[in-house]
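Residues per chain, in single letters:
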Amino acid sequence: MLTMESQCFISVFNFIALFILAPNFYRHSFLTVTASSARTDCYDDYGRPQRCLPEFHNLAYGKRIYASHSCGKPPRKFCKWQLRGHTCHVCDSRIPSQTYPVKYLTDLHNQNNVTCWQADPKQSRENVTLILSLGKAFDITYISLQFCGPRPESMAIYKSLDFGKSWRPYQFYSGSCSRVYGRPRKAFADRENEQEALCTDAHLIRPLQGGRIAFSTLEGRPSASDFESSFVLQEWVSATDIKIVFNRISAVSKRQEYKYYAVSDLAVGGRCRCNGHAGRCPISRDGKPVCECKHHTAGNNCEQCKAFFNDRPWRPATETSANECVGK
Ligand SMILES: [Ca+2]
C-alpha cells in the first residue's frame, strides 16, 4: 500500500512529465488551481480563518474505472509496430501474464514495467468508453492518457456534475472535427462562452502509436488568469465523473490486429471541491470522500452555512478573505 506522500509525489511527478511531454500545456491552470493556494490550514497561527484547500492528487490513481470493453474473452491476437519491425501477442483472460485488465489503467505508472489495459481489436470499430466516478465534486486541472497502442483518430472527453445522470462535453480530439463532432477546429474559447468544449487535431502528430494526450481544463480559456473571480470557470473545472469515449482508431495499418485501443495510464489531476472552507477531504464510512468543513460551513462541498451561522450569506473563501459564516 502506498503512503499519502508517495501518491502525492506520483501526482506531482506525473504533472512534471506532462509539462515536458505537452509543451503547449497552459501553466496557468496549474498555478491557479494547484500551487498558488495550496494551503491546508483553515486558520492561521493567530486563529484567524483563511482560505484552505485539500491537497492536489492524481484522482484516478488506484481507482476502479468502468471500461465498456476489455480484451481476453475470447482470446485474440494483436500486433504492434516497434523500432525493429512488429511483434504479435495474444490477449487471453485465462492466462494472467496475457491479460490487459482495466486495473492497469490506474496502477503505479512505472516506465520500466509498463502495464496496459486493452480493448479487443474486434471491438475497436465500436465506441469504447472509460468512466471514472469520483464520488463527489472535484476541481479538475488535467486529464491525461498515455497510450501503448495506436492513438485514437477521434476521441471525446465528457464530464458530469450529477454523478453520471447527464454529461457535458469537455474536449474533442479529431482529424475531422466538423464531420465527426460537428464542431470547428479551435484552440481558444470565446470570452462570451468560456464553457465551450474545443476540438483539436494536434494529437495526430506522427508516429500515431504511443504518446500521451493531455487535456488541461483551463487551457485556451480567457478568464483563466482571473480564475478566482470567474464563476463560469470555477463551475467549468468542477466534475463528479469523467467519461472518455474513443470513437475512431488511427489507421496505422489496414489489418485488424493492429487496430485496438490500449492505454497504460489514465491520470486525472485535481482536488476535492470544498469552496476554500476545508483543508481535508477524507473518505467517509460509505466509501465516498467528504469535505471536513471549517469556517462554520456545512454540506458535501461546504457550500452552505451551518445552522445558527446565517448572519450573512454564504460565500466561497478567496485568497484575501475566508468569508467565514457568522452567527450569534
Ligand atoms: Ca498501467
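### Notes on the overall build of the protein chain
Reasoning step 1: Helix and strand counts for the protein chain come out as four helices and 14 strands.
Reasoning step 2: Relative to its 328 residues, the protein chain shows a buried fraction of 41%.
Reasoning step 3: Counted over contacts in the protein chain with a minimum sequence separation of 6, partners at least 24 positions apart contribute 67%.

### Comments concerning the environment of serine 166
Reasoning step 1: With respect to the element layout, serine 166 can be found in the loop between β7 (152-160) and β8 (168-174).
Reasoning step 2: Each C-alpha atom of the pair serine 166 and aspartate 241 lies 10.0 Å from the other, and the pair is 75 residues apart in sequence.

### Focus: the environment of aspartate 92
Reasoning step 1: Structurally, the position occupied by aspartate 92 is in the loop between β4 (85-91) and β5 (117-118).
Reasoning step 2: When residues no more than four places from it in sequence are discounted, the contact partners of aspartate 92 are Gly72, Pro75 and Gln98.

### Focus on the pairing of strand β3 (residues 76-82)
Reasoning step 1: Strand direction decides the pairing type here: β3 and β4, joined by seven bridges, are antiparallel. Bridge pairing links phenylalanine 78 to histidine 89 in β4.
Reasoning step 2: What sits between β3 and β4 in their antiparallel hairpin is a turn of two residues.

### Some points on the nonpolar core
Reasoning step 1: By size, the foremost hydrophobic cluster in this structure holds 66 residues, and its most contacted members are Ile157, Tyr261, Val263, Val268, Ala278 and Cys291.
Reasoning step 2: Element by element, the count of residues in this core is highest for strand β6 (residues 128-147), at 11 residues.

### Describing the confidence of the model for the protein chain
Reasoning step 1: Averaged over the protein chain, the pLDDT score is 87; the fraction of residues at 70 or greater is 88%.
Reasoning step 2: Below pLDDT 50 for its whole length, residues 1-37 participates in 53 contacts with residues either more than four positions away or in separate chains.

### A closer look at the pairing of strand β12 (residues 262-272)
Reasoning step 1: Where burial is concerned, most of β12 is hidden: 11 out of the 11 residues are buried.
Reasoning step 2: The pairing of strand β1 (residues 57-58) with β12 spans two bridges and is antiparallel. Looking at the pairing, asparagine 58 lines up with glycine 269 of β12.
Reasoning step 3: Examined bridge by bridge, β6 and β12 share nine bridges and lie antiparallel to one another. Among the inter-strand pairings, leucine 145 is bridged to a residue of β12, identified as leucine 266.

Cut-off values and rules
Residues numbered from 1 in each chain as written. Predicted model: local features only at pLDDT ≥ 70, side-chain atom pairs only at ≥ 80, totals over all residues. Helix = DSSP H or I, 4+ residues; strand = E, 2+ residues; numbered from the N terminus. Buried ≥ 20, exposed ≤ 12 C-beta atoms within 10 Å, placed from the backbone. Contact = placed C-beta atoms within 7 Å. Pairing = 2+ DSSP bridges. Core = buried A, V, L, I, M, F, W, Y, C linked by C-beta atoms within 7 Å. pLDDT = per-residue confidence, 0-100.

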